Amino acid sequence: MTSPASVHSLRVAADPEADAFRVFRSALGTHVLLLARSQVFDVSPDLAEALQRGDPEARQLLEDTASTEANPSLADVPEIPPQSISLNLTSACNLGCSYCYADRGSFGGAQSGVMSQAVALAAVDRVLDGCDRRAPVTIGFLGGEPFLQRTLLHEVVAHAARRGVKLGLVVRFSVTTNGTLFEPDDLALLREHRFAVTVSIDGGRTVHDRKRRLLHGPSSFDLIARSLAPLLERPGQAQLSARATVTRDDFALGGRYDDIVALGFRDVGFSPVRVGAGALLDADWPAYLKASLALAERELERLIAHEHTSFSNLAVALRQIHRGAAAPYPCGAGGGYFSVSTRGSWYACHRAIGDAAFELGSSAGLDLEKRRAFLASRHVHAQSACRTCWARYLCSGSCHQEVAARGDASCDFVRGWLEFCLAAYCRASAANPAWFRRGSERAAERPS
Amino acid sequence: MTSVKLLPRNMTAARVERRAVGNPVTTRLEAGVGNCFPGLEFDIRNLDRRFYPHLSFDILRTSLILAASDPDAAKNAGLAAAEVQKYQDLRDDLISLPGSWAFTITGLSGDFLGYGPLTLDLVASPLQPADSATRPSDDWAAIRLLRPGTTVTITLSLTRTVSTDPTPTPTIKSSVPLTFSGPRAAYLDADGALAAMFEAGELTQSLCSPWTHDFRDCNCGYWASNHPDIVQPALPEGVAADDPGWSPWVQWQRFNRDTATPPSAADASGGSLREIDYFEINDRWQSLDIVLDGREVRGAYAASAHTPAPLPAAELERHLRYAAGVELGVMLEYLSAVFSLNTLATDAVTRADALAAQAELLRVAIGEMKHLREVNGILRTLHIQSGSGAAFVPALGAATLLPGGTRGDGSAVPQRPIRFRRLEKSVMQEFVDIEAPSLTVDGVYTRILDTFVASGQEELSAVVGSIRADGAEHYQTFRLIQEWLDRHADQADYLLTLSDPPATNAQHLALQTRYVNVLTLLASGYANGPVTGGADIRSARAAMLGATGVRQACEDVAAAGFLVKFDTPSDPRFTPVAPP
């Protein structure tokens, strides 16, 4: 697919004028974040003040490590072999959620029908044969509701696992599901393989059923609760997480979080809708930030008290800050990750099925020039709104597919959230360092 | 900026820490050996100088003299305006005070460790060792014994420090005697790091310095960190860094700093050159050279210039397979020598030296087996990365020739075939050459490491790095063995009398069978990798060291009066490998 010679040959230069560090405060004192490697240092108040003032001596002190040149790989455009794919098994869904980005799987008519076994296996083989064998491979399932294509899903897992063993690869799986359709052999499949299972669930019964309606029949919440209980109780190798979608009419995150945790989830994250029905408007972002921070502050206190938190938006951010994550892309879209439509077209992102700008090839091969142009244009250094933003390597420019919806208000939300997380990291790492050691071991296990 | 602190918090920040060239390994506080008195890494008196918040004192045994007052820090700490003013007045007074006058502590009260609460009048009844049953024995001891965090009250008075000085009592802003009452300052913060009030360099400011009279007494026994005993001499212009004439280690404190001819090398007793004496060092300390990477540097420092020479992909495997062959080959040579030592010699010292040499040599031989495994692990990793569908073939052929090289003095170490010999003195020297840094075996890995570094293979670089580090340790061990054995003028004292085994000798044949058995197990274990192949590796280990293993067979051969030798196995998997 890609020749080795093309790896890292394309670069998008950083803005030489952009700030290289950010001074911030926490309950512990003053700190500085060096952007190029997301390094966090505690600094004396004098130094913090001098840095903010632009004191040349203070800046000189940071120069060696603070410049963007300190991490040249930030300019790289990763034209690497595909390492993970998601298969859109079907364009159908048994739910009719009002805010669905996929329009129940049909993507406004751009995708129809179900994926054939030949299309699925060709895509899987393409990834397994061409990937970097030192790193794990992830095969994901999306839709529509992927468990409507249960037989194919089982066949693909069996095939990929078998072929992975033959090639000496570590193969992992992921599925995003509404959780209403599990049958006993589905549970067995999820338990037996390393499956990241993301369940779309918005809160307790009332909140959940308001937006996530079954096309025919009663409460989908009751169905999920019944269907998921055995898996939550005995997950086997599966790692379950709940994803709650937030629309502009309801920011009561705390109650929703508690209701989902009560079901037995140990990993609960929130995603605000940015495009389409229920999307947050500019005026909504401050209120959403306030709601997020209220929950985050509550959960931070739990972490500091050495208790478990399930709030994954916070937990992931804290672990990434601890690891010093710094990246020029928010995800692997078009780089190591592709999403395959029911008809076998390879898109950079599962949210953009049917969008010609994101269509980069098929299992027969990628359009390398188009992919290169896509990646170069999506690099954070190429985003005029991001080039000089202090949060550029932590946020990395946010979701490509939602980029049209990005504006000052939603960027202020990201910066506000990260500002909180940086300070929270300082407190939490001082009070509960063991949690981060566990976190880094976990991260080492799951580099994807 | 009055205080600059930059402490790493997250993982990427922690990775930035690096040691500057020339700084001793004990530069960081936590690296200190914890000597509590002046010397080594830091001077603990510099903690006590700041025992009272926002003031610092020069601590003499019989007086405590105010050195500085920090009204800004007092204000930032939230003290009342009147209290801050006292600090401000003191600072102003310190600036204008004539040299023969000082503020000294004349009264001190607090909770003293071992004594409890005391109020001390340091003028009316000075502290003295004779009263140590009831009061601290001197002023510094009193400060050191104040319990952290407890309330301390000090009285400062204006004192004439030189009684014969006629300077009249100066006019000052402070109204003396002046009393302060507050907590004994904390020297460490909540994380156990030094409190922010300490400045960079403050704890080492009173350590031995080249311009002090007794600096020349600092040596390996004391204060070694910033005082090398021996160094490589500064290079005259145009002389290459590896010029053997300028490579010997010489006395750093030598009187003659001339570079016209190389100074003579220091010997075990420290060297014979005249050194700078006590008085001269007060005057000539600046002629002592700065030492970086062990060499005196008189010009701008340039990091040692190793030009990386990565191998082409096609050659990397050949080099690695040869490296494995060298590890196996030297291991066999060492084993042969191990079982040539007379550990039953009648003389106790000889016996002890032979036993120690045998144990250490065997340990090094086992180390080479570990290297063989590591190199095979690297080869297997590369094989998997290559995506080749073929089975991995381990490297288990001994080298046809061991590598040669050039010693520091320019003399050559030639390539040579593997030879099985007793541990004669000349053989021991060959072993030392084999393990010497940058010479033979170490040289085999140089380009391999360059290749992994260039391609960003951090894990493989680390494996090669650890093999090389072991080699350096083996070299030191061999130098020690050489020293032990060289104490015995006649090598016959510590060597067994052995002859070459006849081809049909039963013990010799048993050894060959067991050796091939080990190789066969390793071939299977290495081919299957660390997880699946683990059982075979464990079996191979048992077949080397167990009761029916290679080691026992070697002992049996030696007990029968024969030299331990290993025949080349006929199995093609173990065919000897030529240098690339």
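Nothing here was measured: the structure is a model prediction, and the numbers come from that model.

Digging into the overall build of chain A
Argument step 1. When helices and strands are counted, chain A shows 14 helices and 13 strands.
Argument step 2. Split into buried and exposed, the 448 residues of chain A put 55% on the buried side.
Argument step 3. If you take every contact in chain A between residues at least 6 apart in sequence, the share linking residues at least 24 apart comes to 72%.
Argument step 4. Accessible area for chain A stands at about 18400 Å²; split by element, carbon and sulfur atoms hold 52% of it.

Here we look at the nonpolar core
Argument step 1. Within the largest apolar cluster, 113 residues are counted, with the highest numbers of intra-cluster contacts made by Leu-87, Ile-139, Phe-141, Phe-195 and Trp-417 of chain A.
Argument step 2. Ignoring any residue separated from it by four or fewer positions in sequence, one finds Trp-417 of chain A in contact with Leu-289, Ser-292, Leu-293, Ala-296, Phe-311, Asn-313, Leu-314 and Ala-317 of chain A.
Argument step 3. Within the second largest apolar cluster, 84 residues are counted, among which are Leu-320, Ala-354, Val-464 and Tyr-515 of chain B.

Points about the sheet that holds strand β10 (residues 337-340) of chain A
All names here are of chain A.
Argument step 1. Read from one edge of the open sheet, 10 strands run β9-β8-β7-β6-β5-β4-β10-β11-β12-β13, paired in mixed fashion. The two strands at the open ends of the sheet, each matched to only one other strand, are β9 (268-272) and β13 (365-366).
Argument step 2. Inspection of the sheet shows strand β7 (residues 195-200) paired to strand β8 (residues 239-246) by 5 bridges, in the parallel sense. Across the sheet, residue Val-197 finds its bridge partner in β8, namely Leu-240.

Remarks on the interface of chain B and chain A
Argument step 1. Listed as interface residues are 19 residues of chain B and, on the opposing side, 32 residues of chain A.
Argument step 2. Each partner contributes to the roughly 2000 Å² buried at the junction of chain B and chain A, and carbon and sulfur atoms together form 59% of this total.
Argument step 3. For the pair chain B and chain A, the number of links is 1 salt bridge.
Argument step 4. With a shortest N-O distance of 2.9 Å, Asp-42 of chain A and Arg-9 of chain B are connected by a salt bridge.
Argument step 5. Taken together, chain B and chain A are joined by 13 residue pairs in polar contact (both at pLDDT 80 or more).
Argument step 6. Among the elements of the structure, β1 (6-8), α1 (11-14) and α8 (348-386) of chain B are those that each provide at least two residues to the side of chain B that touches chain A.
Argument step 7. When grouped by side-chain class, the residues that make up the side of chain B that touches chain A number 9 nonpolar, 7 polar and 3 charged.
Argument step 8. In the sheet, strand β3 (residues 39-43) of chain A pairs with β1 of chain B via 3 bridges, with the strands oriented antiparallel. When the sheet's bridge partners are listed, Asp-42 of chain A is paired in β1 of chain B with Leu-7 of chain B.

Thoughts on helix α11 (residues 368-378) of chain A
Residue and element names in this part refer to chain A.
Argument step 1. Listed in full, the buried residues belonging to α11 are Arg-371, Phe-374, Leu-375 and Arg-378. Taken down its axis, α11 places every buried residue within 95° of arc, on the same side.
Argument step 2. Lining the buried residues of α11 we find β10, β12 (359-362) and β13.

Quick notes on the side chain of Ser-200 of chain A
Argument step 1. When you line up the elements, Ser-200 of chain A lands in strand β7.
Argument step 2. Leaving out residues up to four positions away in the same chain, Ser-200 of chain A has contacts with Thr-176, Thr-177, Asn-178, His-208, Arg-212, Ile-224 and Arg-243 of chain A.

A closer look at the pairing of strand β4 (residues 101-112) of chain B
Residues and elements named next belong to chain B.
Argument step 1. Burial analysis of β4 places 11 of its 12 residues in the buried class, the great majority of the element.
Argument step 2. The pairing of β4 with strand β6 (residues 151-160) spans 8 bridges and is antiparallel. Bridge pairing in β6 places Gly-107 opposite Thr-155.
Argument step 3. Here β4 pairs with strand β5 (residues 116-121) via 6 bridges, running antiparallel. Residue Gly-110 lies in a different strand from β5, and its bridge partner there is Leu-118.

As for the pattern of salt bridges
Argument step 1. Enumeration according to the criterion identifies 46 salt bridges over all chains in this entry.
Argument step 2. Here Asp-125 of chain A and Arg-163 of chain A are joined by a salt bridge, their closest N and O atoms 3.4 Å apart. Of this pair, Asp-125 of chain A sits in helix α3 (residues 117-130) while Arg-163 of chain A sits in helix α4 (residues 150-167), and the two are 38 residues apart along the sequence.
Argument step 3. Given a relative accessible area of 21%, Asp-125 of chain A falls into the partly exposed group.
Argument step 4. Where Glu-555 of chain B meets Arg-551 of chain B, a salt bridge forms, and the shortest distance between an N and an O atom there is 3.7 Å. Of the two residues, Glu-555 of chain B and Arg-551 of chain B both sit in helix α14 (residues 550-559), 4 residues apart, roughly one turn of that helix.

Regarding a positive patch on the surface
Residue and element names in this part refer to chain B.
Argument step 1. A grouping of Lys-370, Arg-373, Arg-538 and Arg-541 is seen on the molecular surface, where their side chains present a positively charged patch.
Argument step 2. Mapped by element, the contributors of at least two residues to the positive patch are α8 and α13 (534-545).
Argument step 3. The partly exposed category is assigned to Arg-541, whose relative accessible area is 44%.

As for the packing of helix α12 (residues 506-532) of chain B against α13 of chain B
Residues and elements named next belong to chain B.
Argument step 1. Two elements in contact, α12 and α13, have axes whose closest approach is 6 Å; the angle formed by their N-to-C orientations is 150°. Comparing their axes, α13 and α12 come out roughly antiparallel. The two elements α12 and α13 meet at a crossing, and its hand is left-handed. In contact with Asn-517, Val-518, Leu-521, Leu-522, Ser-524, Gly-525, Tyr-526, Asn-528, Gly-529, Pro-530, Val-531 and Thr-532 of α12, α13 contributes Gly-534, Ala-535, Asp-536, Ile-537, Ser-539, Ala-540, Ala-543 and Met-544.
Argument step 2. Grouping the constituent residues of the contact of α12 with α13 by class yields 11 nonpolar, 8 polar and 1 charged.

Overview of the side chain of Asn-46 of chain B
Residue and element names in this part refer to chain B.
Argument step 1. Relative to the helices and strands, Asn-46 is located in helix α2 (residues 45-48).
Argument step 2. Of the polar contacts made by the side chain of Asn-46, one reaches the backbone oxygen of Leu-203; its length is 3.2 Å.
Argument step 3. Once residues lying within four places of it in the same chain are set aside, the contact partners of Asn-46 are Phe-198, Glu-202, Leu-203, Thr-204, Gln-205 and Ser-206.

Each value, and the rule that gives it
- Residues numbered from 1 in each chain as written.
- Chains lettered and ligands numbered in written order.
- Predicted model: local features only at pLDDT ≥ 70, side-chain atom pairs only at ≥ 80, totals over all residues.
- Heavy atoms only, no water.
- Helix = DSSP H or I, 4+ residues; strand = E, 2+ residues; numbered from the N terminus.
- Buried < 20%, exposed > 50% of the residue type's maximum accessible area, 1.4 Å probe, protein only.
- Contact = heavy atoms within 4.5 Å.
- Areas by Shrake-Rupley, 256 points an atom, 1.4 Å probe, with all protein chains shown as cover.
- Core = buried A, V, L, I, M, F, W, Y, C linked by side-chain atoms within 4.5 Å.
- Pairing = 2+ DSSP bridges.
- Buried area = accessible area lost by both parts, 1.4 Å probe.
- Salt bridge = Lys/Arg side-chain N within 4 Å of Asp/Glu carboxyl O.
- Polar contact = N/O pair within 3.5 Å; in protein donor to acceptor, adjacent residues only side chain to side chain.
- Nonpolar A, V, L, I, M, F, W, Y, C, P; charged D, E, K, R; others polar.
- Arc of directions from axis to C-beta.
- Patch = residues over 30% accessible without salt bridge, like charges linked within 9 Å, V, L, I, M, F, W, Y side chains within 5 Å.
- Lys, Arg positive; Asp, Glu negative; His and termini not counted.
- Charge placed at Lys NZ, Arg CZ, Asp CG, Glu CD.
- Axes fitted to C-alpha atoms, helices over the stretch in contact; angles between N-to-C directions.
- Parallel < 35°, antiparallel > 145°, perpendicular 65-115°, else oblique.
- Left-handed = near helix turned anticlockwise from the far one by under 90°.

In short, shape yes, function no, at least from these values alone.
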